[in-house]
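Descriptive analysis of the structure
So the chains spell out like this:
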Amino acid sequence: MKALRVSIFFLLCLIGSPEVLANTIRINPGQSIQKAVDRASPGDTLIISEGTYKQFGIVIRKPLTVIGENYPVIDADFKGNILIVATSNLTIQGLKLINTGRSNMDDSAAIKFFDSKDCIVRDNILENTYFGLHFSNSSQLTIINNKISASALREFEVGNGIHLWKCKNSYIGNNEVSGHRDGIYLEFVTNTQAKENKIQKNMRYGLHFMFSHDNSYIRNTFKNNGAGVAVMYTKNVLMKENRFEENWGSSAYGILLKDISDSEVVGNIFLKNTVGIYMEGSSRMEFTNNTFRENGWALKLMASCDQNTFKANNFTQNTFDISTNGSLVLNTLTENYWDKYEGYDLDKNQIGDIGYRPVNLYSVIVEKIPAAVILWRSFMVTLLDRMEKIIPTLTPDEMIDESPKMKPYDFG
Amino acid sequence: MLKLLKYALYDILKSRFAMIYTVFMILVAVSIYQVSDDLSKVSLSLMNIMIMIVPLISAVFATTHFYNNLEFIELMLAQPVKRSHVFLSQLFAVILMLSLSIMIGFGLPMLLWGADTSLITLLAVGVILSAVFAGFAFLASVLTRDKAKAIGISLGLWIYFSLVYDGFVLYLIYSFADYPLEKVTLGLVMLNPVDLGRILMLMQLDISALMGYTGAFFQKFFSSSMGLLIAGGTLALWTLLPNLFAMRVFKKRDF
């Protein structure tokens, strides 16, 4: 019995020991954060008091919890990185990091992680940074509730908001990114989830990923970014309930899909983009329950795409529903709602009795000669379109939705 | 002048045509509002009516009106009033009546079920097109002595501006596709009041599609104050020129 008690006591000591040993270190304005970090032992908590710290290039190589009180400002004064991290189990919370360096040589960032694991970056405010959060070769990251903004005028003067290179198993949630080159940039990132982020007014892409398989993007908003969202060379992606809004320009897209395969695009809203979705070289993708509204072109589906399915989507008030660049059609359109559909439903099963051809003649002409857009909606063009609808000659004959819905879907 | 205008207006408003035209417009607008589920679809459908039907009716009505009132005009000319006043009173009466019909016909449903900027633009475009085509009709009427011929000329002008001209521009764009055509098409569009009205609507309805490279050029032009000034000025010229020319002919014409 006594032996058991002793062993339980020791066990409790063992479990409790990190708690007992962990110290809390407070840093006040004027003190060096780097020195405090060096002094701390693994597992300690650093509390940074309110105030301004003109410091940069702070290296953290041990597991710590860094907490800012009332958003202390760490101002790098346009010199280099602010925090450089290579460790595991680190938490950074409640800091305001401003004015990083402006260099492409070292990709200056507010917080830069190398070879790290199990780190949490939350509730930080980043202003006027070159790169915001920069992660390489790391895993199990949690990046939540950060506000990241930059105010560069030109694309090459700024880096990405949240930049992950060769990372895995991470979560990016509830962040706001604006004014950077790319809002979220992922390259060789796998098994990662981006959820409920607000990405707007970035110079180039809201979201940009390449070679990043098995990721999901849920309920994010991508609004008013220079060229929308562009994703490439990836398979097994899930895009669900995102909003793609007001991406305007000659090469701006709600989403540009290049060589994406085996992916799902479900329940997204594409509103007022010049092009809702532009896709080329993409295969075996499923597009369901999406809403395309007030876009210039809802879809630009290049002939290099195959085995994609567009099922049960709403197409309303788009200037052109679909345009394509060839006569080859290897994709399926089915059970979508098209507001331009003029057929009838005699058997009252809510599905039109004759098919709908979403490619109209004039979108083919405008594709070839952009200046012709000026004649859109003139009587002449309407007549031409009517004739083409009856006897398709220029538009691909097989691009047809055989079962168009009579009423729009209610996606709530 | 005012007195002449008053009598001309009385006369025209009492006619069956003004009633039928207004009721027709109301019916069209109401049915479109009932069928379409949202405003931009409404303005799209109303625009098609505005671009096609309104110029046609304006042209035909103004011509027939001129010939129907020819005896009254001749009687007035025998009185000590200025020829230009006689002419202008008839012209203004026609334009006022056509504009009123559009305002009431399309405006009432808008008041009832709501409108946005595109619908307000549409009303303005309708009024301007009515004035332009009434001008064309009066010009056709004073140039010929035969009613059928005058209606023929008015209809010809209508077909030319709403169909043939666009076909010609499209052919031109197609033939010279390899050249930068933005400025040329912009210039060509200025030569057609119907196109100008249509493009003012396009700016509201298809803004996303116009954000592409070429579209952005047009969009930039028509949303800049300079562009608006030029477009507005051109439309004003289109309203004034046929009318002024018709008045000159009218003043010298031997009835």
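Residues numbered from 1 in each chain as written. Chains lettered and ligands numbered in written order. Predicted model: local features only at pLDDT ≥ 70, side-chain atom pairs only at ≥ 80, totals over all residues.

Under an unreviewed UniProt entry, the name given to chain B is Cu-processing system permease protein, and the organism recorded is Algoriphagus boritolerans DSM 17298 = JCM 18970.

An unreviewed UniProt entry annotates chain A as Nitrous oxidase accessory protein originating from Algoriphagus boritolerans DSM 17298 = JCM 18970. The annotation that UniProt attaches to chain A under Pathway (unreviewed entry) is "Protein modification; protein ubiquitination." (UniProt positions renumbered as here; feature names shortened; annotations may be inferred.)

Moving on to the overall build of chain B. For chain B, the count of helices and strands is eleven helices and zero strands. Listed by position from the N terminus, the elements making up chain B come as α-α-α-α-α-α-α-α-α-α-α. Taken over the C-alpha trace, chain B has a radius of gyration of 19 Å; the compact-globule value for 255 residues is 18 Å, and the two agree within 12%. Based on the C-alpha atoms only, the size of chain B along its principal axes is roughly 60 × 45 × 30 Å. Buried residues in chain B amount to 41% of all 255 residues. The contacts of chain B with a sequence gap of at least 6 include a subset with a gap of at least 24, amounting to 78%. (Helix = DSSP H or I, 4+ residues; strand = E, 2+ residues; numbered from the N terminus. Rg over C-alpha atoms; globule rule 2.2 N^0.38 Å. Buried ≥ 20, exposed ≤ 12 C-beta atoms within 10 Å, placed from the backbone. Contact = placed C-beta atoms within 7 Å.)

A separate point is the overall build of chain A. In terms of regular secondary structure, chain A is built from four helices and 39 strands. Considered along the principal axes of its C-alpha atoms, chain A spans approximately 90 × 60 × 30 Å. Per-residue burial for chain A yields a buried fraction of 46% across its 412 residues. Long-range pairs, those at least 24 residues apart, make up 46% of the contacts in chain A with a sequence separation of at least 6.

Another aspect to go through is the interface of chain A and chain B. At the interface, 26 residues of chain A touch 32 residues of chain B. Looking at side-chain class alone, the side of chain A that touches chain B contains 13 nonpolar, nine polar and four charged residues. (Nonpolar A, V, L, I, M, F, W, Y, C, P; charged D, E, K, R; others polar.)

Residue and element names in this part refer to chain B. Cross-referencing UniProt, the feature "transmembrane region" (unreviewed entry) maps to residues 12–33, 45–67, 87–113, 119–143, 155–176, 196–216 and 228–250 in the present numbering. Its end C-alpha atoms 39 Å apart, residues 87–113 is made of 100% helix and 0% strand. For residues 228–250, the helix share is 100%, the strand share is 0%, and the end-to-end C-alpha distance is 33 Å.

Let us now look at the confidence of the model for chain B. For any part of a model where pLDDT is low, the fine detail of the predicted coordinates should not be relied upon. Residue and element names in this part refer to chain B. With 99% of its residues at a pLDDT of 70 or more, chain B has an overall mean of 89. Here helix 10 (residues 213–223) is the element of chain B with the lowest mean pLDDT, 80, and helix 7 (residues 147–175) is the one with the highest, 93. Among the scores for the predicted complex, ipTM is 0.82 and pTM is 0.87. (pLDDT = per-residue confidence, 0-100.)

What follows is about the UniProt feature "domain: Carbohydrate-binding/sugar hydrolysis" (unreviewed entry) in chain A. According to UniProt, the feature "domain: Carbohydrate-binding/sugar hydrolysis" (unreviewed entry) maps to residues 54–187 and 194–362 of chain A in the numbering used here. Helix makes up 0% of residues 54–187 of chain A and strand 43%, and the two end C-alpha atoms of the span are 32 Å apart.

Residues and elements named next belong to chain A. Taken as a whole, helix 3 (residues 361–368) has its buried residues at Tyr362, Ser363, Ile365 and Val366. Considered in projection along helix 3, the buried side chains sweep an arc of 160 degrees and stay on one side of the axis. Elements in contact with the buried residues of helix 3: strand 37 (320–323) and helix 4 (379–390). (Arc of directions from axis to C-beta.)

Turning next to unusual backbone geometry. Residues and elements named next belong to chain A. Phi is positive for Asn145, which is not a glycine, with a value near 55 degrees. You can see Asn145 is positioned in the loop between strand 14 (142–144) and strand 15 (147–149). In the Ramachandran plot, Glu241 falls in the positive-phi region, its phi being about 55 degrees despite a non-glycine side chain. Here Glu241 lies in the loop between strand 26 (238–240) and strand 27 (243–245). For Glu241, a count of 17 C-beta atoms within 10 Å gives the class partly exposed.

When two helices pack together, their arrangement is captured by the angle between the axes and the distance separating the axes. All names here are of chain B. In contact at an axis separation of 8 Å, helix 3 (residues 39–68) and helix 6 (residues 117–143) are set at 20 degrees when each is read in the N-to-C sense. In this view, helix 3 runs roughly parallel relative to helix 6, as classed from their interaxial angle. Helix 6 is crossed by helix 3, and the crossing has right-handed handedness. (Axes fitted to C-alpha atoms, helices over the stretch in contact; angles between N-to-C directions. Parallel < 35°, antiparallel > 145°, perpendicular 65-115°, else oblique. Left-handed = near helix turned anticlockwise from the far one by under 90°.)

Our focus in this paragraph is the sheet that holds strand 4 (residues 58–60) of chain A. All names here are of chain A. Spatial ordering of the open sheet is given by 4-7-10-13-16-19-22-25-28-31-34-37, a layout of twelve strands whose pairing is parallel. Only two strands of the sheet have a single neighbouring strand rather than two, namely strand 4 and strand 37. For this sheet, the mean angle separating the axes of adjacent strands, direction not counted, is 10 degrees. By the bridge criterion, four bridges tie strand 13 (residues 131–136) to strand 16 (residues 162–165) in an arrangement that is parallel. (Pairing = 2+ DSSP bridges.)

We now examine the nonpolar core. If you look at the biggest cluster of nonpolar residues, it comprises 176 residues, and the most contacted ones within it are Ile111(A) and Ala134(B). Inspection of this core shows a minimum of three residues originating in each of domain 1 (21–200) and domain 2 (227–359 + 396–412) of chain A. Ignoring anything within four residues of it in the chain, the contact list for Ile111(A) reads Ile82(A), Leu83(A), Val85(A), Ile92(A), Leu97(A), Val121(A) and Leu133(A). (Core = buried A, V, L, I, M, F, W, Y, C linked by C-beta atoms within 7 Å. Domains from an automatic or database assignment.)

All names here are of chain A. In this structure, strand 22 (residues 207–210) lies alongside strand 25 (residues 228–235), joined through three bridges in parallel fashion. Residue pairing in the sheet places Phe209 in a bridge with Val231 of strand 25. Pairing between strand 25 and strand 28 (residues 253–261): seven bridges, direction parallel. In the strand pairing of strand 28, Val231 is matched with Leu257.

Residue and element names in this part refer to chain A. With respect to the secondary-structure elements, Phe114 resides in strand 10 (residues 109–114). Judged by C-beta crowding, with 14 C-beta atoms within 10 Å, Phe114 ranks as partly exposed. When the C-alpha atoms of Phe114 and Thr87 are compared, they prove to be 7.8 Å apart, with 27 residues separating the residues in sequence. If we skip the residues at most four places from it in the chain, Phe114 touches Ala86, Ser136 and Asn137.

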